[in-house]
Amino acid sequence: MSQMPQPAQLSACPTCDEPPQAGDRYCDQCGADLTAAATPAARAPGDRPVPPQLNGAARSPHPEPEPDDYELAAPAPDGYGQPADPRAAGTLGAPEAAPPTETGTPAEIDTGTNASTHTSAATSTGSMAGTGTGADPRLPGGEHRTRCAACQEGTIDQDGYCERCGHAQARERDHMESELEGIAAATDRGLRHHRNEDAFTVSAAELPDGSPVVVAVVCDGVSSATRPDEASAAAAHAAGEALRASLPRGAHPQQAMNEAIVAAAEAVNSLAMETGAAAAHPEGQRHQNAPACTIVSAVVTSDILTIGWVGDSRAYWVPDDRTAPPARLTEDDSWAAQMVAAGLMSEAEAYADERAHAITGWLGADAYELEPHTASYKPDRPGVVVVCTDGLWNYAESAEQMARAVPPDARSRPLNSAQILVGHALDGGGHDNVTVAVVPYPAVPGRAGSA
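Conventions adopted
Chains are numbered independently. Their residues run from 1 in the order of the written sequence. In view of the model being predicted, local features appear only for residues whose pLDDT reaches at least 70, and side-chain atom pairs are presented and counted only at 80 or more, with totals across whole chains, interfaces and linings using the full set of residues. As a convention, hydrogens and water are excluded, and side-chain values are obtained from all of the structure's heavy atoms. Put simply, DSSP marks the helices as runs of H or I at least four residues long and the strands as runs of E at least two long, and each gets a number from the N terminus on. Per-residue and other accessible areas follow the Shrake-Rupley method at a 1.4 Å probe size, with only the shown protein chains counted as cover for residues. Side-chain atoms within 4.5 Å link the members of a nonpolar core, which is a set of buried Ala, Val, Leu, Ile, Met, Phe, Trp, Tyr and Cys residues. Remark: exposure states derive from per-residue accessible area (1.4 Å probe, protein chains only) relative to the maximum for the residue type, with buried under 20%, exposed over 50%, and partly exposed in between. Contacts are assigned to residue pairs that have any heavy atoms within 4.5 Å of one another. In predicted models, pLDDT denotes the confidence assigned by the predictor to each residue on a 0 to 100 scale. Expected helix span is computed as 1.5 Å times (number of residues minus one). The axes are straight lines fitted to the C-alpha atoms, using for helices just the contacting stretch, and the angles between their N-to-C directions are given from 0 to 180°. By the definition used in this description, the sense in which the near helix is turned from the far one sets the handedness, with an anticlockwise turn below a right angle giving left-handed and a clockwise turn giving right-handed. In this classification, Asp, Glu, Lys and Arg are treated as charged, Ala, Val, Leu, Ile, Met, Phe, Trp, Tyr, Cys and Pro as nonpolar, and every other residue, Gly included, as polar. The working definition used for a salt bridge is a side-chain nitrogen of Lys or Arg within 4 Å of a carboxyl oxygen of Asp or Glu. The criterion for an aromatic pair is that two Phe, Tyr or Trp rings (for Trp, the six-membered ring) have centres within 6.5 Å, with stacked assigned to planes under 30 degrees apart, edge-to-face to planes over 60 apart and tilted to the rest. Polar contact criterion, stated in full: a pair of N or O atoms within 3.5 Å, where within protein one must be able to donate a hydrogen and the other to accept it, and residues adjacent in sequence count only if both atoms are side-chain atoms.

Caption draft 1: Spatial organisation of the overall build of the protein chain. When its secondary structure is counted, the protein chain shows ten helices and 13 strands. Carbon and sulfur atoms form 51% of the exposed surface of the protein chain, whose accessible area is close to 18000 Å².

Caption draft 2: Summary view of the nonpolar core. Counting 33 residues, the largest nonpolar core has Val386, Leu392, Met402, Val406, Leu421 and Val436 as the members making the most contacts within it. Those elements giving two or more residues to this core turn out to be strand E8 (314-319), helix H6 (335-341), helix H7 (347-352), strand E12 (383-388), helix H8 (390-393), helix H9 (399-405), helix H10 (414-428) and strand E13 (434-441). It is H10 that contributes the most residues to this core, five residues altogether. Look past the residues within four positions of Val406 in its chain and what remains in contact with it is Val318, Arg322, Val384, Val386 and Leu421. Grouped together as the second largest cluster of nonpolar side chains are 30 residues, Val217, Ala234, Ala260 and Ala267 included.

Caption draft 3: View of the confidence of the model for the protein chain. The predicted model of the protein chain has a mean per-residue pLDDT of 75, with 66% of residues at 70 or higher. Note on residues 277-281: pLDDT under 50 across the span, and seven contacts to partners over four residues away in sequence or across chains. Note that pLDDT drops below 50 for residues 447-451; the model gives that stretch 17 contacts with residues more than four away or on any other chain.

Caption draft 4: How the structure looks around unusual backbone geometry. Of note, the amide linkage connecting Tyr441 to Pro442 takes the cis form, showing an omega dihedral of -5°. Relative to the helices and strands, Pro442 is located in the segment after E13. With a phi close to 50°, Arg227 is a non-glycine residue in the positive phi region. Secondary-structure assignment places Arg227 in the loop between strand E5 (212-221) and helix H3 (228-246).

Caption draft 5: Spatial organisation of helix H4 (residues 253-274). Here H4 contains 22 residues, and its C-alpha end-to-end distance of 31 Å stays within 8% of the 32 Å for a straight helix at 1.5 Å per residue. As for H4, its buried residues are in contact with H3, strand E6 (292-300), strand E7 (305-310), strand E10 (363-364) and strand E11 (373-377).

Caption draft 6: Quick peek at the packing of H3 against H4. At a minimum axis distance of 8 Å, the contact between H3 and H4 shows a crossing angle of 145°. Crossing of H3 over H4 shows right-handed handedness. From H3, Glu230, Ala231, Ala234, Ala235, Ala238, Ala239, Ala242, Leu243 and Ser246 reach across to H4, where they touch Ala256, Met257, Ala260, Ala263, Ala264, Ala267, Val268 and Leu271. Of the residues contributing to the contact of H3 with H4, the split by class is 15 nonpolar, one polar and one charged.

Caption draft 7: Quick look at the environment of Asp159. With respect to the helices and strands, the residue Asp159 is situated in the loop between strand E1 (116-120) and strand E2 (175-180). Residue classification places Asp159 among the partly exposed positions, given a relative accessible area of 27%. Along the chain, Asp159 and Gln169 lie ten residues apart, while their C-alpha atoms are 9.3 Å from each other.

Caption draft 8: How the structure looks around the pattern of salt bridges. If you walk through the whole model with that rule in mind, you get 14 salt bridges. The salt bridge partner of Asp174 is Arg189, with a shortest N-O separation of 3.3 Å. With a gap of 15 residues between them, Asp174 in the loop between E1 and E2 and Arg189 in the loop between strand E3 (183-188) and strand E4 (198-206) connect regions that are remote in the sequence. Its relative accessible area of 1% is what places Arg189 among the buried residues. One salt bridge connects Arg195 with Glu197, and the closest N-O pair in it is separated by 2.8 Å.

Caption draft 9: Looking closely at the packing of aromatic side chains. The tally for this structure, following the rule as stated, stands at two aromatic pairs. Considering the side-chain rings of Trp317 and Tyr441, the 5.9 Å spacing of their centres and the 80° angle between planes classify their relative orientation as edge-to-face. Linking Trp317 in strand E8 with Tyr441 in strand E13, this pair joins segments that are 124 residues apart in sequence. Tyr441 matches Trp317 in its accessibility class, with the two residues each being buried.

Caption draft 10: Just the side chain of Ser297, in detail. Tracing the backbone shows Ser297 in strand E6. Accessibility expressed as a relative area gives 2% for Ser297, which makes it buried. Within the structure, the side chain of Ser297 is placed 2.9 Å from the backbone oxygen of Ala216, a separation counted as a polar contact. Setting aside its immediate chain neighbours within four residues, Ser297 contacts Ala216, Val217, Leu243, Met257, Thr306, Ile307 and Gly308.

Caption draft 11: Expanded view of H10. Relative to the 21 Å expected for 15 residues at 1.5 Å per residue, H10 spans 21 Å between its end C-alpha atoms, a close match to the ideal helical length. Counting buried positions along H10 gives 14 out of 15 residues, so the element sits mostly inside the fold. A positive backbone phi angle near 135° is found at Gly429, which sits one or two residues after H10.

So, in structure tokens, the structure goes:
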């Protein structure tokens, strides 16, 4: 996809007068489109931008200020919202490596035959009037192109923006939700990014003994690499397919998880080969900007929960009994985690550093070595597993913060809880794409669907 130019800098938002930060495309206070506001021809004199909708995400009942114990990277000069390559040698002090990415195809959400899937193409950039599907008969040569959903006059270019007013048009992946009995997930583009580079898949099945098992896979494409949306979609689909195939055959969840992550890595690697990225020379791929992403997955049965991950997407345990302690179930493959593990910094110091989110593990053809992490747990009480990208945990980093953000009825209402958690991230600023799956533990008999 072509890079979007940096927006002209405004001294104040035209809707609420909030001073914008450098590089912002949308107002932090009201969500107004600053790009369109900075372009005189974008609207008629006197028109004002429309505040954004939440795309179905419920507002958090526990609004909290944005945490001050981490620092978001500033936009790179070559593209809005694109952080510096997290794998760059100067950042990690390691041999040069290219950044991971996501795919541009819509995420395949495998929800089983009894699933209720909700997808919304509403954007986070503002209220859109009309459906945006009308063809303009005045185009030369009788060409039919989609009208802009915002101004209803311009037509849409190949990058998905109105050629008249510049508004980004709705995409299927801007906001998506999926619910099964016993599991739910939601994803949102957020308030700062022009597309959603996260992906997920959820499913339910039965083990050979007839007991239920539910699966959630969440992937986050690395924006500094090419095609990050494609990488996340390919990884989520491949891992979900592998787990749905192996678990009903009786594979141990931890072994099945390891194999699923390997399958996801192979799917992302194949994207580099599709573009001719030196397929016959793996060493050469490491110096190219190959597609890549992170992954985190949860498998929950009636008596065990298993987590697998590579990168900095996370899983948290939140018990129903809030007097019992919650826990983070994953350890980041990141610069900050390495500093803490080596005893060189405290956790607060490491995550406040601008290098904190530089990842040291990912799925992609330019990864030096694939090291899937897996762990199994047997909680002694009911609760939920929260599986998410950093677009959420940046606003609820510790296990205690996450537990406060999760509604008390999360186990009985997982979709509502996923919506509230997405809303929590958007309330905090929505700096990144947000994806979360809420997986009740234990899996309840009679709720498994066909895989």
